[in-house]
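Chain residues, written in single-letter form:
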Amino acid sequence: MSAQLFTPYTIKQVTFKNRIVMSPMCQYSSHNRDGKVEDWHRVHYASRAVGGVGLILVEATAVLPEGRISYRDLGIWSDEHISGLKELVDLVHRNGAKIGIQLAHAGRKAELEETILAPSAIPFPEKKTPKAADAEDIRRIVEGFRDGARRAKEAGFDVIEIHGAHGYLLNEFLSPVTNHREDEYGGNADNRYRLLSEVIEAVNSVWSGPLFVRISANEYDPQGNSLEQYINYARRMKAQGVDLIDCSSGGLVPAQIQTFPGYQVNLAEQIRRQAEVATGAVGLITDPSHAEEILGNGRADLVLLGRELLRNPYWAYEAAKALNTTLERPVQYQRA
């Protein structure tokens, strides 16, 4: 019997050949300040497809120029970005994997010369003070995510992930630590969810494929959202048509985080069980047996690897061998 890690998984008629996902990881390799795909991205993403990963999630890609973390980030704020992103899609598809893109806005963590935005004018430690987003800013942000989703569809992506984690803009609106607003976008949990809700609705207006949302289900601050609050938010996301919650943690405020293999898996497990929604588990998952345990015990539906796939693009083949499973290789590599 095939290991769970290597069983297919289908969402909305899109089938991933296995449960191994490459986490979105910024490459900071768009060197002309234009947010366009360069050779590094082509090699980086295609090599993980060759390496047997089932789904590759492209790094946080800015829906607005001021939504970049840095000037070296990928962008999707212009139709001029579509052709380069389509190259990534075609390369990954030709090498047997599915590909998604993480739509993002950095909020107060943007390291740019221009005015940066946040729910409230509270700086991230040792960074510049953001402007509290006004109604026009919020309208533009929502439209940015909608237009980014349209461009992602035109480029041929299989999955869209909305970045609501790691202290970036949508996470900032969700958290009482960073959202001190007194209008309809702040003041209580329902209002703090409003911007993410509007973004999901906007994306769904132009996108019918698999939709993920990445969250920081532990904010590592006693004044922050609890896991129980994120379980409630996950129920609301599911009701809005989100297919999978990608369960990460941290990034909202500086914190000393005790890390160990699978330190975030419990977040995925609790959200999966209590919100009854599919989840992805991430966080120092490096051992194939550990990945198999997570899936076999129903703790998550997909396993996301980050730095392990930077270290070893061919982890999937080693995992298949360790789990006594045969993984089809490119014909060019079969003699090895």
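Everything quoted here is computed from the prediction, not taken from an experiment.

Observations regarding the environment of Glu184
And then number 1: The topology assignment puts Glu184 in the loop between helix H4 (169-174) and helix H5 (189-204).
And then number 2: In this structure, the C-alpha to C-alpha distance between Glu184 and Leu195, residues 11 residues apart in sequence, is 9.5 Å.
And then number 3: Residues contacting Glu184, with those up to four places away along its chain left out, are Asn191 and Arg194.

Concerning empty space enclosed by the protein
Which parts of space are left empty comes out when a probe the size of a water molecule is rolled across the atoms.
And then number 1: Enumeration over the complete set of coordinates arrives at one cavity of 30 Å³ or more.
And then number 2: Put simply, the largest cavity is a space of about 40 Å³.
And then number 3: In terms of lining residues, the largest cavity is bounded by Ala60, Thr61, Ala62, Gly67, Arg68, Ile69, Asp73, Ala104, His105, Ala106 and Tyr168.
And then number 4: Among the elements that make up the lining of the largest cavity, the one with the highest residue count is strand E4 (residues 55-62) (three residues).
And then number 5: Residue composition of the lining of the largest cavity, by class: six nonpolar, three polar and two charged.

What about the UniProt feature "domain: NADH:flavin oxidoreductase/NADH oxidase N-terminal" (unreviewed entry) in the chain?
And then number 1: UniProt's entry tags residues 4-324 with the feature "domain: NADH:flavin oxidoreductase/NADH oxidase N-terminal" (unreviewed entry), counted in the numbering of this structure.
And then number 2: For residues 4-324, the end-to-end C-alpha separation is 11 Å, with 36% helix and 17% strand making up the annotated structure.

Some points on the packing of helix H1 (residues 39-50) against helix H2 (residues 82-94)
Two quantities define a packed helix pair, namely the angle between the helix axes and the distance between the axes.
And then number 1: Close contact between H1 and H2 brings their axes to 8 Å; oriented N to C, the two are set at 25°. Overall, the two elements H1 and H2 adopt an arrangement that is roughly parallel. Remark: the crossing between H1 and H2 carries right-handed chirality. Across the interface between the two elements, His41, Arg42, Tyr45, Ala46 and Ala49 of H1 pack against Glu87, Leu88, Leu91 and Val92 of H2.
And then number 2: Of the residues belonging to the contact of H1 with H2, the class tally is six nonpolar, one polar and two charged.

Looking at the pairing of strand E9 (residues 211-216)
And then number 1: Where burial is concerned, most of E9 is hidden: six out of the six residues are buried.
And then number 2: Burial of the side chains of E9 extends over both faces: Leu211, Val213 and Ile215 are buried on one face and Phe212, Arg214 and Ser216 on the other.
And then number 3: The pairing of strand E8 (residues 159-164) with E9 spans five bridges and is classified as parallel. Opposite Gly164, over in E9, you have Ile215 as the bridge partner.

Description of the environment of Gly96
And then number 1: Summarising the element assignment, Gly96 is placed in the loop between H2 and strand E5 (98-104).
And then number 2: We classify Gly96 as partly exposed; its relative accessible area is 40%.
And then number 3: Residues Gly96 and Lys17, spaced 79 residues apart in sequence, show a C-alpha to C-alpha distance of 8.5 Å.

Here's the deal with the side chain of Gln264
And then number 1: Within the secondary structure layout, Gln264 lies in the loop between strand E10 (244-248) and helix H7 (265-275).
And then number 2: Reaching out from Gln264, the side chain makes a polar contact with the side chain of Tyr263 at a distance of 3.4 Å.

Quick word on the environment of Leu267
And then number 1: Within the secondary structure, Leu267 sits in helix H7.
And then number 2: Linking Leu267 and Ile231, residues 36 residues apart in sequence, is a C-alpha distance of 9.2 Å.
And then number 3: Sequence-distant contacts of Leu267, that is, excluding residues within four places in its chain, are made with Ala217, Asn218, Leu227, Cys247, Ser248 and Ser249.

Topic: the sheet that holds E5
And then number 1: Spatially, the eight strands close up into a barrel ordered E3-E4-E5-E8-E9-E10-E11-E12, and their pairing is parallel. Direction aside, neighbouring strands of the sheet carry axes that sit 25° apart on average.
And then number 2: This element, H1, spans strand E3 (20-22) and E4 of the sheet and lies at about 155° to E4.
And then number 3: Sheet strands in contact with H5 are E8 and E9, and its direction is about 165° off that of E8.

Some points on the nonpolar core
And then number 1: Residues Ile162, Met237 and Ile271 are the most contacted members of the largest nonpolar core, which totals 86 residues.
And then number 2: No other element matches the eight residues that H5 contributes to this core.
And then number 3: Residue contacts for Ile162: discarding those within four places in its chain leaves Leu103, Phe145, Leu170, Leu196, Val199, Ile200, Val203, Leu211, Phe212, Val213 and Arg214.
And then number 4: Membership of the second largest hydrophobic core comes to 14 residues, among which are Tyr9, Val14, Leu244 and Leu302.

The rules we used
Residues numbered from 1 in each chain as written. Predicted model: local features only at pLDDT ≥ 70, side-chain atom pairs only at ≥ 80, totals over all residues. Heavy atoms only, no water. Helix = DSSP H or I, 4+ residues; strand = E, 2+ residues; numbered from the N terminus. Contact = heavy atoms within 4.5 Å. 1 Å grid on protein atoms, 1.4 Å probe; cavity = no way out; pocket = protein on both sides within 12 Å on 5 of 7 lines; lining within 4 Å. Points joined across faces, edges and corners; volume = space filled by probe spheres on them. Nonpolar A, V, L, I, M, F, W, Y, C, P; charged D, E, K, R; others polar. UniProt positions renumbered as here; feature names shortened; annotations may be inferred. Axes fitted to C-alpha atoms, helices over the stretch in contact; angles between N-to-C directions. Parallel < 35°, antiparallel > 145°, perpendicular 65-115°, else oblique. Left-handed = near helix turned anticlockwise from the far one by under 90°. Buried < 20%, exposed > 50% of the residue type's maximum accessible area, 1.4 Å probe, protein only. Pairing = 2+ DSSP bridges. Polar contact = N/O pair within 3.5 Å; in protein donor to acceptor, adjacent residues only side chain to side chain. Core = buried A, V, L, I, M, F, W, Y, C linked by side-chain atoms within 4.5 Å.

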